[in-house]
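Each chain, written out:
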Amino acid sequence: MYYPEQKEYPRTPSNTHKIWKFNDILADTKIKQRWEKVRKYFFLRESTYDMTNRCNIRCEGCYYYEGEKQFARENLDPEAWRQLMQAEKVRGITYVVLAGAEPALAPDLLQTCYQEIQLGAIASNGLKSIPATVGYKIHISVWGNDNTSRLVRGAQDMLKRQIENYNGDSRAVFVYTFTRDNIGQIYEAMDLLADCGGKATFNMFSAPVGYKGRLRHTPESLRQTRLTMTDVMHRYPDNVLFSSYSAVAHTHQFGLHDLYKCSYPRMNPSDDLGLGRSFRQYRTDLTWDRDAACCVPDTDCADCRHYAAGSAVVTARLFRHATDPETFSAWLDYVDTYLAVWVMGYQKGRNLSDQSVSPPEQR
Amino acid sequence: MAVETNKLILRVAEVMIDELKLEDVTPPTFSPDIDLVDEVGIDSMDLATVALVLQDEYGIRIDEDDYPKLTTIRLIAEYLENKMQLKT
């Protein structure tokens, strides 16, 4: 059962022709409070790090096993990682994303990173527990029901095993990746997660460069995914970390780059400010390449709707969302969601906007 | 012109200190030529926040694409001055 189809919030004369002062937008107490809540985290400066070239499963469409980075030599020396983290701190990095291929297979390195930089997240398949002393958020990837997991990831009982490993763990956020084929299966996953009080957020399959497989989204699957996301948000309000605007931004016919002009170095030649200046994507040999640097390297930028990319790309577009109370509320919901998903201890508030606000054009 | 620029420099410094909660600096002691990105550590979100406040105050528009050029308080003040002149 789906909620009635939601149209994007129309830009009528009442909300586009009036030129709002930022101060007038903040005159709404709820907006002001949410703004003050999220802006405390503007100090976050992220980079990402591939920890090992090993993984205990092999998933179709995995971004790690595309391109050259998969062939980088592993550096498993904790002291080398410590020195890298110390240098990163000096460079101004305050937040680390530890990813590819499966970070749980390198627990010593995770511990070392955490000792040096205390804010971060680990992208894991959740099949191996990460020690509780590593106090990062842990994003556990879920790709559908058990049958789909067997087909796409070659692993059985994935969600059951993931929940066993992370039941009651406040670090865990289960990241459900919508593909063209698994949209309705979210309900099975959410029933299991709701039973154990787990938190979930949504990702969109974003095709690697050259990918021609069956998981790539179509206009119809994007539409259906948006409806389903909205329905699931309403059905499982205590378990889902998401917002109406998150659904719009990630299921739009245009990808994130076209909508928001991606600011990762790979698509942004400027190193003057922001992500273009500070972001690096380190390979397992602790080298990085500016031309390839983004949070999901080797993804087809035109198809990128990845949750991690949006967390930086949409969030960075504060200025163009400060046009009117509805649009700014939608952006605040997006940022509130992002922080709840990525920052330990951050509690998401109730969404300010239920409208499907259209992404604003550049001002 | 120089007097106006100096006033603007002080005001931009004041907004920056207030909005970004900078410590150990006051508008008169905030060097207008210090590199805000390299030496103060401000980022695009910080600059957007300051830009929104300055837009309100001076009734001009600061384009997102211009952010990379606004790397010192003096450059921001001169940018505002140019925008206000174009308005009149």
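Structure's up top.
Residues numbered from 1 in each chain as written. Chains lettered and ligands numbered in written order. Predicted model: local features only at pLDDT ≥ 70, side-chain atom pairs only at ≥ 80, totals over all residues.

## Considerations on the overall build of chain B
Part 1 of the reasoning: The number of helices and strands found in chain B is four helices and zero strands.
Part 2 of the reasoning: Each helix and strand of chain B, ordered N terminal to C terminal, gives the series α-α-α-α.
Part 3 of the reasoning: The C-alpha atoms of chain B give a radius of gyration of 12 Å, which matches the 12 Å a tight globule of 88 residues would have.
Part 4 of the reasoning: Principal-axis analysis of the C-alpha atoms gives chain B an extent of 35 × 30 × 20 Å.
Part 5 of the reasoning: In chain B, which comprises 88 residues, the proportion classed as buried is 34%. (Helix = DSSP H or I, 4+ residues; strand = E, 2+ residues; numbered from the N terminus. Rg over C-alpha atoms; globule rule 2.2 N^0.38 Å. Buried ≥ 20, exposed ≤ 12 C-beta atoms within 10 Å, placed from the backbone.)

## Here we look at the interface of chain A and chain B
Part 1 of the reasoning: Contact residues are listed per partner, giving 18 residues for chain A and 17 residues for chain B.
Part 2 of the reasoning: For the side of chain A that touches chain B, the residue count by class is seven nonpolar, five polar and six charged. (Contact = placed C-beta atoms within 7 Å. Nonpolar A, V, L, I, M, F, W, Y, C, P; charged D, E, K, R; others polar.)

## Focus on helix α5 (residues 107–116) of chain A
Residues separated by three or four positions in an α-helix point in the same direction, a consequence of the helix having 3.6 residues per turn.
Part 1 of the reasoning: Those residues of α5 of chain A that fall on the buried side of the exposure criterion are Leu 109, Leu 110, Thr 112, Cys 113 and Tyr 114 of chain A.
Part 2 of the reasoning: Against α4 (78–90), β3 (95–99) and β4 (120–124) of chain A lie the buried residues of α5 of chain A.

## Quick notes on helix α9 (residues 219–235) of chain A
Residue and element names in this part refer to chain A.
Part 1 of the reasoning: Compared with the 24 Å implied by 1.5 Å per residue over 17 residues, the 25 Å span of α9 between its first and last C-alpha is a close match.
Part 2 of the reasoning: Burial in α9 covers these residues: Ser 221, Thr 225, Arg 226, Thr 228, Met 229, Thr 230, Val 232 and Met 233.
Part 3 of the reasoning: Those residues of α9 that are buried lie in contact with β6 (172–178), α8 (186–195), β7 (200–204) and α10 (244–251). (Expected span 1.5 Å × (residues − 1).)

## Let's talk about the pairing of β6 of chain A
All names here are of chain A.
Part 1 of the reasoning: The buried fraction of β6 amounts to seven of the seven residues, a majority that puts the element mostly inside the structure.
Part 2 of the reasoning: Because side chains alternate across β6, one face comprises the buried residues Ala 172, Phe 174, Tyr 176 and Phe 178, and the other comprises Val 173, Val 175 and Thr 177, equally buried.
Part 3 of the reasoning: Bridge count for β6 against β7 is five bridges, and the pairing is parallel. In the sheet register, Thr 177 faces β7, and the bridge partner there is Asn 203.
Part 4 of the reasoning: A crossover links β6 with its parallel partner β7, the connecting element being α8, and its sense is right-handed. (Pairing = 2+ DSSP bridges. Right-handed = clockwise from strand over helix to strand, strands pointing away.)

## Structural notes on the packing of α4 of chain A against α5 of chain A
Residue and element names in this part refer to chain A.
Part 1 of the reasoning: Where α4 meets α5, the axes come as close as 9 Å, and the angle between the chain directions of the two elements is 30°. Taken together, the axes of α4 and α5 lie roughly parallel to each other. At the point where α4 passes α5, the crossing takes the right-handed sense. Contact with α4, carried on its side by Pro 78, Trp 81, Arg 82, Met 85, Gln 86 and Lys 89, involves Asp 108, Leu 109, Thr 112, Cys 113 and Glu 116 of α5 and no other residues of that element.
Part 2 of the reasoning: Across the contact of α4 with α5, the residue classes tally to five nonpolar, two polar and four charged. (Axes fitted to C-alpha atoms, helices over the stretch in contact; angles between N-to-C directions. Parallel < 35°, antiparallel > 145°, perpendicular 65-115°, else oblique. Left-handed = near helix turned anticlockwise from the far one by under 90°.)

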